[in-house]
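An overview of the molecular structure
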Amino acid sequence: KGQVWVFDLFEQLKIILGEGGESSATSSGIDMMDANSATNSAAVGSSPVTVTSIDLSLHGDFLLAGYGSGHVILWDILKGTILKRIVDLHSSSISSARFTS
């Protein structure tokens, strides 16, 4: 549904990032039943699509997500906000998105 679930090193769900620009912050210790409820109520835009590629920055602050719609979104995962959205480069699914040094 166009969502990226971000977990910490202790396998606790921290935030859910949606393709429509919405994010849902979660509390520590959330169980998967609560996480499923959170995603059902989180808005992910009018036409959610599949996440087809992700990459995490070297320091873990940013996440690059490619979508089946051809969109690429750079997320600040600490704040749960979109830093950059590219929507007009590809008309087909993004098969690989990577940070370079």
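Residues numbered from 1 in each chain as written. Predicted model: local features only at pLDDT ≥ 70, side-chain atom pairs only at ≥ 80, totals over all residues. Heavy atoms only, no water.

This part takes up the nonpolar core. With 10 residues, the main nonpolar core is built from Val4, Val6, Ile15, Leu17, Leu63, Ala65, Tyr67, Ile73, Trp75 and Ile77. The set of elements that each furnish at least two residues to this core consists of β1 (3-7), β2 (13-18), β5 (62-67) and β6 (72-76). (Core = buried A, V, L, I, M, F, W, Y, C linked by side-chain atoms within 4.5 Å. Buried < 20%, exposed > 50% of the residue type's maximum accessible area, 1.4 Å probe, protein only. Helix = DSSP H or I, 4+ residues; strand = E, 2+ residues; numbered from the N terminus.)

Along the chain, Phe62 falls in strand β5. Given the relative accessible area of 31%, Phe62 is considered partly exposed. Residues Phe62 and Gly80, 18 residues apart in the sequence, show an inter-C-alpha distance of 9.6 Å.

Let's shift gears to unusual backbone geometry. With a phi angle near 60°, Glu11 is a residue other than glycine that sits in the positive phi range. With respect to the element layout, Glu11 can be found in the loop between β1 and β2.

Turning our eyes to something else, we now look at a nonpolar patch on the surface. On the surface, Phe62, Leu83 and Phe99 cluster together into a nonpolar patch covering about 240 Å² of accessible area. Within the element layout of this structure, Leu83 appears in strand β7 (residues 81-86). Here Leu83 falls in the partly exposed class, since its relative accessible area comes to 45%. (Patch = residues over 30% accessible without salt bridge, like charges linked within 9 Å, V, L, I, M, F, W, Y side chains within 5 Å. Areas by Shrake-Rupley, 256 points an atom, 1.4 Å probe, with all protein chains shown as cover. Salt bridge = Lys/Arg side-chain N within 4 Å of Asp/Glu carboxyl O.)

Here we come to the sheet that holds strand β4 (residues 51-56). Strand order in the open sheet formed by four strands is β4-β5-β6-β7, and the pairing between neighbours is antiparallel. Looking at the sheet topology across the chains shown, the edges are occupied by β4 and β7. Along the sheet, successive strands turn relative to each other by an average axial angle of 20°, direction set aside. As paired strands, β6 and β7 are joined by five bridges and run antiparallel to one another. By the bridge assignment for β7, Ile73 is matched with Arg85. (Pairing = 2+ DSSP bridges. Axes fitted to C-alpha atoms, helices over the stretch in contact; angles between N-to-C directions.)

With that settled, the discussion passes to the pairing of β4. Pairing analysis gives five bridges linking β4 to β5, with the strands arranged antiparallel. Note on β5: the bridge partner recorded for Ile54 is Ala65. In this antiparallel pair of consecutive strands, β4 and β5, the connection spans five residues, and Gly60 shows a positive phi of 80°.

With that out of the way, let us pick up the confidence of the model for the protein chain. Overall, the predicted model of the protein chain reaches an average pLDDT of 77, with 69% of residues at or above 70. Across residues 28-47, where pLDDT falls below 50, the model places 26 contacts with residues more than four positions away in sequence or in other chains. (pLDDT = per-residue confidence, 0-100. Contact = heavy atoms within 4.5 Å.)

Along the chain, Gln3 falls in strand β1. For Gln3, a relative accessible area of 18% gives the class buried. Within the structure, Gln3 has its side chain in polar contact with the side chain of Trp5 (distance 3.4 Å). (Polar contact = N/O pair within 3.5 Å; in protein donor to acceptor, adjacent residues only side chain to side chain.)

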